[in-house]
Amino acid sequence: MSEQTKETKVIEDIGIDAGLEQLTEEQIEKTIMSVINAEGGTRLEAYTKTCVHCGLCSEACHYYHSHDKDPQYAPVGKVRNTMWNFLTKKGKISKEELKRAVLIAHTECNLCRRCVQYCPFGVDTAYIIALVRRIVHKLGITPQYIQDTAHSHAATFNQMWLKDDEWVDTLFWQEDEARDEIPSMRIPLEKEGADFMYSVIAPEPKFRTQLIYQAAVIFNECGLDWTMPSTTGWDNSDMCMFTGDFEMMGRLKRDHYECAQRLKVKKVVMGECGHAYRSIYDQGNRWVGWRDMPVPVIHSIQFFWELLKAGKIKVAKTIDKLATFHDPCNTVRGMGLHEMGREVAKAFYPNFVEMQPNREHNYCCAAGGGVINCGPPHKMTRVLGNRVKAEQLKATGAEVLIAPCHNCHGGLEDIIHHYKLDMEIRFLGDIIYECMEKPNAV
Amino acid sequence: MHSIYNFATGPLCWAAFIIFIGGLLLKFISMVRRARSSEPYIFGYFSPYFGLRSVIAWLIPFVPRNGKLNPVFTVVTFAFHICLLVAPLFLMAHVMLLQEGVGMHWGTLSDATADVMTVIVLVGLAYFAYRRCTDPTAKYVTGPKEWVLLALVAAPFLTGFLAYHQIFDYQVMVVLHILSGEAMLIAIPFTWLSHMLLFPMVRMYQGSEFGGVRHVKDW
Ligand code: SF4
Ligand code: SF4
């Protein structure tokens, strides 16, 4: 039995397996070819025809390094076992090959785009793999957990099945809690014409309410004019982008932007999330037909940096522990925010060490691109697929790991735990909240 | 032998150049047209500044991080590509043929220089072949097509070298040299050898996206 089929047997995922059972070979062939012909476009042609099969892109991929240079995990190796296979066999592929393709596309590639920076031609493997996911979506064989979040997006316009009243309730609750600390504290709901709308991802109200609390305290103590919406559009996250449900991705982004337009805010500030940012400035907006962002959206990294530079955030104390900074793919390879991120981090952790490589060449956390959202059946794929991250972290000798992205946090936590590294992971907001001057606090 | 020679340097030569240049041109036009109809926004993001910035960065050895990480490959590939383009274009015999045929001419290399360059091309190809057998990823994605293309590029240089040094039968070598050179030209538009056209196209697009939209360098 080949290595490929061995792995296919091991991982069970009801979303893939039950979906595959219902498919006929004709359906598979027809769907593959129709997506390739209708949506593959010039870029697919250019990328597949340009590739000289040199393997230089392997250097880019954390999965490849973590699997002792197993070429199945090299970017071009993944394309070989997915899209090339589809193209050369004209869509006539077995269910076993298809399952392997689903696992590769959804759990062995984070769409981190690092390989674009390592291929001399700029072949965008992430684009090709995303197209494979689109085919997988159309075939109805997306991994169950992430498909569930996509369903939630479709039904509720948020990722976590939160009901409308739960959202507003959560904000009231956080406001209430924060008043013990800062009696004048407000989370202004539905304030038309405010300077900015703050949007978050649904896991914040669901599991990480303290992040909303902390952001609210920071904005309050800086004396900012801000608001949060009480309607849908508050959740900026987008798993549909990662499952290839582009129609839904477009609806989500339209809702988010229209929410900001309804509130007549000057801009949107979003929490410390990487993928949501990508959906907003790069993919979702394009699907709807906006070249750029119809309302400017600023990532927290940049916003905190601006507040710090403007002297609105004042450093009350610094922390002595040795800290390092993990650059999230979507904020560095996505928006070049690396210098701003470390400037904010260093303001509070002057004792700072860089991991190698860093900035736009940093290794991905292996949780991004929707991989962590594929849930428990695939957890070990990403943890074992990122041993190189553990080595990179360990080599810094740092006690504190600063990562301004939710997905990265999830992935890095698992890595730190599995490889027994002794590191505390922090968000920028969490650090600022702890260390800034809070004039209104009692 | 003479009639083959005349055919190879006459009609076949014209055909090869027409297919080579016309094929690349058609490829370019069809890709741009297809992009205009199916992905018009590619042009919306296209930026000559960021596009060229990326192309230039990748044309300077050891500027891209991956170039620094693979120093041997970088040296070999730059030497190989420069010699591959320069040697045939400026070889005295080629320029003279061109002058006789269509009346155009330009500067030439000394034969000794061209000879060294030919050897560099062949050594480069040997290195690529070695790498395809030893680098795990290159090996994994190398099939018969890759070997045929390597051989196709090697053939005109090898036969040219042998003919110049009068090893084996001179006339046979010259004819083989011409035929294999034409075969290589014809193959370019239809195989990944077309990366000579696609490299600037893809890199310009990627450079535009990375520089213009994502504010980050792609090397
Ligand atoms: S995980 Fe990143 S580097 Fe690896 S293939 Fe996917 S996009 Fe490329
Ligand atoms: S994607 Fe680029 S680096 Fe990777 S094998 Fe193809 S040409 Fe080489």
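What counts as what
Residues numbered from 1 in each chain as written. Chains lettered and ligands numbered in written order. Predicted model: local features only at pLDDT ≥ 70, side-chain atom pairs only at ≥ 80, totals over all residues. Heavy atoms only, no water. Helix = DSSP H or I, 4+ residues; strand = E, 2+ residues; numbered from the N terminus. Buried < 20%, exposed > 50% of the residue type's maximum accessible area, 1.4 Å probe, protein only. Core = buried A, V, L, I, M, F, W, Y, C linked by side-chain atoms within 4.5 Å. Domains from an automatic or database assignment. Contact = heavy atoms within 4.5 Å. Salt bridge = Lys/Arg side-chain N within 4 Å of Asp/Glu carboxyl O. Near = heavy atom within 4 Å. Nonpolar A, V, L, I, M, F, W, Y, C, P; charged D, E, K, R; others polar. Pairing = 2+ DSSP bridges. Axes fitted to C-alpha atoms, helices over the stretch in contact; angles between N-to-C directions. Phe/Tyr/Trp six-rings, centres within 6.5 Å; stacked < 30°, edge-to-face > 60°. Lys NZ or Arg CZ within 6 Å of the ring centre and 35° of its normal. Buried area = accessible area lost by both parts, 1.4 Å probe. Polar contact = N/O pair within 3.5 Å; in protein donor to acceptor, adjacent residues only side chain to side chain.

Help me out: how do you make sense of the overall build of chain B in this one?
Along the backbone of chain B there are 12 helices and zero strands. Element order for chain B, N to C, with α for helix and β for strand: α-α-α-α-α-α-α-α-α-α-α-α. Oriented by its inertia axes, the alpha-carbon framework of chain B measures out at about 60 × 40 × 35 Å. For chain B, the proportion of its 219 residues judged to be buried stands at 43%.

Honestly, the nonpolar core in this entry has me stumped. Any pointers?
Buried together is how nonpolar side chains tend to be arranged in soluble globular proteins. Residue and element names in this part refer to chain A. If you look at the biggest cluster of nonpolar residues, it comprises 101 residues, and the most contacted ones within it are Met 83, Phe 86 and Leu 98. Ranked by residue count, the leading element in this core is helix H7 (residues 125-139), at 10 residues. Taken together, domain 1 (3-142) and domain 2 (148-307) each give at least three residues to this core, which thus spans both. Excluding residues within four positions of it along the chain, Phe 86 makes contact with Ile 32, Met 33, Ile 36, Gly 91, Ile 93, Leu 98, Ala 101, Val 132 and Ile 135.

It is not clear to me how the environment of Gly 411 of chain A should be interpreted in this structure. Could you clarify?
All names here are of chain A. Within the fold, Gly 411 resides in helix H20 (residues 406-418). Exposure remark for Gly 411: the relative accessible area of 1% places this residue in the buried category. Placed 44 residues apart in sequence, Gly 411 and Ala 367 show a C-alpha to C-alpha distance of 4.7 Å. Setting aside residues no more than four positions away along its own chain, Gly 411 makes contact with Cys 365, Ala 367, Ile 372 and Arg 382.

Mind showing me how you'd approach the environment of Val 216 of chain B here?
Examined against the element boundaries, Val 216 of chain B turns out to sit in the segment after helix H12 (195-213). Those residues in contact with Val 216 of chain B that lie beyond four places of it in its chain are Val 332, Arg 333, Gly 336, His 338 and Glu 360 of chain A together with Arg 53, Phe 210 and Gly 211 of chain B.

Just checking my understanding: could you explain unusual backbone geometry for this structure?
Where the residue is not glycine, phi is negative for most of them; where a peptide bond is considered, it is trans in most cases. Residues and elements named next belong to chain A. The step from Gln 356 to Pro 357 runs through a cis peptide bond, and the omega angle for that step is -10°. One can find Pro 357 in the loop between helix H17 (338-348) and helix H18 (379-384). Of note in the backbone geometry, Lys 264 takes a positive phi value of approximately 55° without being a glycine. Structurally, Lys 264 is set in the loop between helix H13 (246-262) and strand S3 (267-270). Overall, Lys 264 belongs to the exposed group, its relative accessible area being 54%.

Could you clarify how one ought to interpret the pattern of salt bridges in this entry?
Side chains bearing opposite charge may pair, as long as their charged atoms lie close to each other. Residues and elements named next belong to chain A. Counted by the stated rule, this structure contains 41 salt bridges over all chains. One salt bridge connects Lys 92 with Glu 29, and the closest N-O pair in it is separated by 3.4 Å. Here the residue Lys 92 occupies a position in the loop between helix H5 (75-88) and helix H6 (95-107), and Glu 29 occupies one in helix H3 (residues 25-50), the gap between them amounting to 63 residues. Residue Lys 92 is classed as exposed on the basis of its relative accessible area, which comes to 55%. Take Glu 29: its relative accessible area is 26%, and that puts it in the partly exposed class. The shortest N-O distance in the salt bridge between Glu 39 and Arg 134 comes to 2.8 Å.

Help me out: how do you make sense of the site of ligand 1 in this one?
The immediate surroundings of ligand 1 are formed by Cys 61, His 62, Pro 75, Lys 78, Cys 109, Asn 110, Leu 111, Cys 112, Arg 113 and Cys 115 of chain A. Looking at the shell around ligand 1 residue by residue, the classes come out as six nonpolar, two polar and two charged.

Mind showing me how you'd approach the sheet that holds strand S6 (residues 400-402) of chain A here?
The strands making up a sheet associate through backbone hydrogen bonding, with each pair oriented either parallel or antiparallel. Residues and elements named next belong to chain A. Pairing within the open sheet is parallel, and its three strands lie in the order S5-S6-S7. The sheet is open, and its two borders are formed by strand S5 (323-325) and strand S7 (424-426), each paired with just one other strand. Direction aside, the axes of adjacent strands within the sheet are offset by 25° on average. Looking at chain direction, S6 and S7 are connected through three bridges and run parallel. Looking across to S7, one finds that Val 400 is bridged to Glu 424.

Mind showing me how you'd approach the packing of aromatic side chains here?
What describes a pair of aromatic rings is the distance from one ring centre to the other and the angle between the planes of the rings. Inspection of the entire model under this criterion finds 22 aromatic pairs over all chains. Seen in terms of ring centroids, Trp 167 of chain A and Trp 234 of chain A are 3.9 Å apart; in terms of plane orientation they differ by 5°. Their pairing is stacked. Here the residue Trp 167 of chain A occupies a position in helix H9 (residues 164-181), and Trp 234 of chain A occupies one in the loop between strand S2 (226-227) and helix H12 (240-243), the gap between them amounting to 67 residues. Across the pair, exposure class does not vary: Trp 167 of chain A and Trp 234 of chain A are buried alike. Among the aromatic residues, those joined into a cluster by ring pairs are Phe 196, Tyr 198, Phe 219, Trp 226 and Phe 303 of chain A. Across from the ring centre of Tyr 140 of chain B, 4.1 Å away, lies the NZ or CZ of Arg 80 of chain A, which sits over that ring. One Lys or Arg, Arg 36 of chain B, reaches over the ring of Phe 43 of chain B and ends 4.2 Å from the middle of that ring.

Looking at this structure, how should I read the site of ligand 2?
If you check the shell around ligand 2, you find Cys 51, Val 52, His 53, Cys 54, Gly 55, Leu 56, Cys 57, Val 76, Cys 119, Pro 120, Phe 121 and Val 123 of chain A and nothing else. Per-class residue counts for the shell around ligand 2 are 10 nonpolar, two polar and no charged.

Sorry if this is basic, but what is going on with helix H21 (residues 428-435) of chain A here?
Residues lying three or four places apart along an α-helix face the same way, a consequence of the helix completing one turn every 3.6 residues. Counting buried positions over the eight residues of H21 of chain A gives seven, a clear majority of the element. Three or more residues of H21 of chain A are buried, namely Leu 428, Gly 429, Asp 430, Ile 431, Ile 432, Tyr 433 and Cys 435 of chain A.

Sorry if this is basic, but what is going on with the interface of chain B and chain A here?
Frequently, the measure chosen for interface size is the accessible area removed from exposure when the parts meet. If you look at the interface, chain B gives 44 residues, while chain A gives 54 residues. Taken together, both faces of the contact between chain B and chain A bury some 4,100 Å²; the carbon and sulfur share is 53%. Between the two partners, chain B and chain A, sit five salt bridges. A salt bridge links Glu 45 of chain A to Arg 34 of chain B; the nearest nitrogen and oxygen atoms lie 2.7 Å apart. For the pair chain B and chain A, the number of links is 32 residue pairs in polar contact (both at pLDDT 80 or more). Considering each element in turn, the side of chain B that touches chain A owes the most residues, 10 residues, to H12 of chain B. Here the residues of the side of chain B that touches chain A are counted per class, giving 21 nonpolar, 10 polar and 13 charged.

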